Amino acid sequence: MKGGKYRIGAESGVSLSGLIVVLIVLGALALVAIKVTPAFIEYRAVKDAIVKAKADAGSGSVREIQQAFDKNAGVNDVSAVSGRDLVITRDGGTTEISFAYEKRVPLAGNVSLLFDFAGTTDPSGVVAAKADTK
């Protein structure tokens, strides 16, 4: 084979050290994914719980909305937010529910990730700020 690209006896492929590096990187990414996934599942459960609380309690009192949220959040084992942490507003006769919280996910040793989660039932997507109670 004249002018061929490949030499007879030449080896091609990934070296052992290259394979180890790739496996270490994939392992680190898998570790992060495993530790972060529960935080996002809980965030999704909180968003679903505020939608259900709004539908269940409707235009009820603030306490009824908080109880409906606690009931729905309890089903999904939500511990990051309770009914007391919700911001409940009424504009023009419609009730909107908002929440915001931080979740710290420890990775290894003193390294952790901090997530700021927020959500609302308001169609505009604006999360209401909680008034200071000091």
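Residues numbered from 1 in each chain as written. Predicted model: local features only at pLDDT ≥ 70, side-chain atom pairs only at ≥ 80, totals over all residues. Heavy atoms only, no water.

- As annotated in an unreviewed UniProt entry, the chain carries the name DUF4845 domain-containing protein and is attributed to Massilia pinisoli.

**A short note on the environment of valine 87**
No. 1: By secondary structure assignment, the location of valine 87 is in strand β1 (residues 87–91).
No. 2: Taking C-alpha positions, valine 87 is 8.7 Å from valine 127, a pair spaced 40 residues apart along the chain. (Helix = DSSP H or I, 4+ residues; strand = E, 2+ residues; numbered from the N terminus.)

**Some thoughts on the pattern of salt bridges**
No. 1: Enumeration according to the criterion identifies three salt bridges in this entry.
No. 2: The salt bridge involving glutamate 42 is made with lysine 103; its shortest N-O contact spans 3.2 Å. In this pair, glutamate 42 sits in helix α1 (residues 16–57) while lysine 103 sits in strand β2 (residues 94–108), placing the two residues 61 residues apart along the sequence.
No. 3: A residue is classified by how much of its surface remains accessible, and lysine 103, at 25% relative accessible area, is partly exposed.
No. 4: Residue lysine 54 pairs with glutamate 96 through a salt bridge whose shortest N-O separation is 3.1 Å. In this pair, lysine 54 sits in helix α1 while glutamate 96 sits in strand β2, placing the two residues 42 residues apart along the sequence. (Salt bridge = Lys/Arg side-chain N within 4 Å of Asp/Glu carboxyl O. Buried < 20%, exposed > 50% of the residue type's maximum accessible area, 1.4 Å probe, protein only.)

**Describing the nonpolar core**
No. 1: Judged by nonpolar contacts, the single largest core of 23 residues is most densely connected at Val46, Phe69, Leu86, Ile97, Phe99 and Tyr101.
No. 2: Counting only elements with at least two residues in this core, the list comes to α1, α2 (62–75), β2 and β3 (111–120).
No. 3: By residue number, the principal contributor to this core is α1, which donates nine residues.
No. 4: If we skip the residues at most four places from it in the chain, isoleucine 97 touches Ile50, Ala53, Lys54, Ile65, Leu86, Val87, Ile88, Gly119, Thr120 and Thr121. (Core = buried A, V, L, I, M, F, W, Y, C linked by side-chain atoms within 4.5 Å. Contact = heavy atoms within 4.5 Å.)

**Considerations on the packing of aromatic side chains**
No. 1: If you walk through the whole model with that rule in mind, you get seven aromatic pairs.
No. 2: Connected via pairs of aromatic rings, a cluster forms that spans Phe40, Tyr43, Phe99, Tyr101, Phe115 and Phe117. (Phe/Tyr/Trp six-rings, centres within 6.5 Å; stacked < 30°, edge-to-face > 60°.)

**Section: α1**
No. 1: In this model α1 runs 61 Å from its N-terminal to its C-terminal C-alpha over 42 residues, within 8% of the 62 Å that 1.5 Å per residue would give.
No. 2: Residues of α1 that are buried: Val36, Ala39, Glu42, Tyr43, Ala45, Val46, Ala49, Ile50, Ala53 and Ala57.
No. 3: Buried-residue contacts for α1 involve α2, β2 and β3. (Expected span 1.5 Å × (residues − 1).)

**Details of the UniProt feature "transmembrane region" (unreviewed entry) in the chain**
No. 1: The positions that UniProt labels "transmembrane region" (unreviewed entry) are, in the present scheme, residues 12–34.
No. 2: Strand forms 0% of residues 12–34 and helix 83%; the C-alpha atoms that close the span are 34 Å apart. (UniProt positions renumbered as here; feature names shortened; annotations may be inferred.)

**Some remarks on the sheet that holds β3**
No. 1: Ordered in space as β1-β2-β3, the three strands form an open sheet in which the pairing is antiparallel. The strands lining the two open edges of the sheet, one partner per strand, are β1 and β3. For this sheet, the mean angle separating the axes of adjacent strands, direction not counted, is 15 degrees.
No. 2: Pairing of β2 with β3, which is carried by ten bridges, proceeds in the antiparallel orientation. The residue bridging alanine 108 from the neighbouring strand is valine 111, located in β3. (Pairing = 2+ DSSP bridges. Axes fitted to C-alpha atoms, helices over the stretch in contact; angles between N-to-C directions.)

**Focus: unusual backbone geometry**
No. 1: In the Ramachandran plot, aspartate 77 falls in the positive-phi region, its phi being about 55 degrees despite a non-glycine side chain.
No. 2: Position of aspartate 77 relative to the elements: it lies in the loop between α2 and β1.

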